[in-house]
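What follows is each chain in one-letter form.
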Amino acid sequence: MSKAEKTKQFIIEKTATLFNTKGYTATSLSDITEATGLTKGSIYGNFENKDEVSLEVYKYNSGVLKKSLMRSFSEEFPTMYDKLYAFVAFYRKNWQLVFLHGGCPLMNAATESDDTFPALNSQVKISFQDWTETISKIIKAGKLNNEFNQEIDPEQYASLFIILIEGGILLSKTTGDEKHLNLALDRIQILIDKEIKKNPL
């Protein structure tokens, strides 16, 4: 990695929580210089403008979340059923860490960029599509190996999981009460056990 690449990565990592907490639009160049200890000239020497910093930080934040989530779908969990349960467990175990860093980066960016930051909104759409496809593939694999009900629609359940999780995170972060997220995760587990699993519990 070149010196310039290291500097860019330093800026991204140092401002990741800042952008996710304060907002991609509200975060100012002064905030960035304060968080990094670098001058404005140094920031603009590595990025064309603040929007470019915002996009790169979003990619970093969403990438960190994806990397953490993908551990749930690793070979550590042998069955597709185990993988879905590990996915739910990730949020039960890590909600405090997610909230500490400003909440879900996908939801935060989606809310903020809807009408005001088209480039960021496009990146968020890609993230949600990728998330949906990842969960859907697990459910499809479970159907192929006969773990899951053959009649279910993987894309619909993947979408429903995301809706429940994002809604739970929103309410829990807003109220400061984890019960809303836990309620959403409980509902996902019921869906897995009663509707997705071939032989319902």
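No experiment lies behind these values; they were computed from the predicted model shown.

(A) Region of interest: the confidence of the model for the protein chain. Confidence in the prediction for the protein chain averages 91 pLDDT; 99% of positions are at 70 or higher. For the protein chain, helix α6 (residues 105-113) is the element with the lowest average pLDDT, namely 85, and helix α9 (residues 179-196) is the one with the highest, namely 96.

(B) The UniProt feature "DNA-binding region" (unreviewed entry) in the protein chain, seen in detail. As annotated by UniProt and renumbered to match this structure, "DNA-binding region" (unreviewed entry) occupies residues 28-47. In the segment residues 28-47, helix accounts for 75% and strand for 0%; the C-alpha atoms at its two ends are 14 Å apart.

(C) The packing of helix α5 (residues 80-100) against α9, seen in detail. α9 packs onto α5 with a crossing angle of 175° between their chain directions and a minimal axis gap of 10 Å. Between α5 and α9, the interaxial angle falls into the category roughly antiparallel. Each of Y81, L84, Y85, V88, Y91, R92 and W95 in α5 lies in contact with α9, whose residues at this interface are L181, N182, L185, D186, I188, Q189, I192, D193 and I196. Grouping the amino acids of the contact of α5 with α9 by side-chain chemistry returns 11 nonpolar, two polar and three charged.

(D) Broad picture of the environment of T7. If you trace the backbone, T7 turns up in helix α1 (residues 3-22). As a C-alpha pair, T7 and S54 span 47 residues in sequence and 15 Å in three-dimensional space. Among residues more than four places away in sequence, those in contact with T7 are L38, S42 and N46.

(E) Local environment of α1. In this model, α1 (20 residues) spans 28 Å end to end at C-alpha, consistent with the 28 Å of a helix rising 1.5 Å per residue. Within α1, the axis deviates most sharply at T15, by approximately 45°. For α1, every residue scored as buried is listed here: T7, I11, I12, T15, A16, F19 and N20. Once α1 finishes, G23 follows within two positions and takes phi at roughly 115°, a positive value.

Cut-offs used in this document
- Residues numbered from 1 in each chain as written.
- Predicted model: local features only at pLDDT ≥ 70, side-chain atom pairs only at ≥ 80, totals over all residues.
- Heavy atoms only, no water.
- pLDDT = per-residue confidence, 0-100.
- Helix = DSSP H or I, 4+ residues; strand = E, 2+ residues; numbered from the N terminus.
- UniProt positions renumbered as here; feature names shortened; annotations may be inferred.
- Axes fitted to C-alpha atoms, helices over the stretch in contact; angles between N-to-C directions.
- Parallel < 35°, antiparallel > 145°, perpendicular 65-115°, else oblique.
- Contact = heavy atoms within 4.5 Å.
- Nonpolar A, V, L, I, M, F, W, Y, C, P; charged D, E, K, R; others polar.
- Expected span 1.5 Å × (residues − 1).
- Bend = angle between axes of the 7 residues up to and from the residue.
- Buried < 20%, exposed > 50% of the residue type's maximum accessible area, 1.4 Å probe, protein only.

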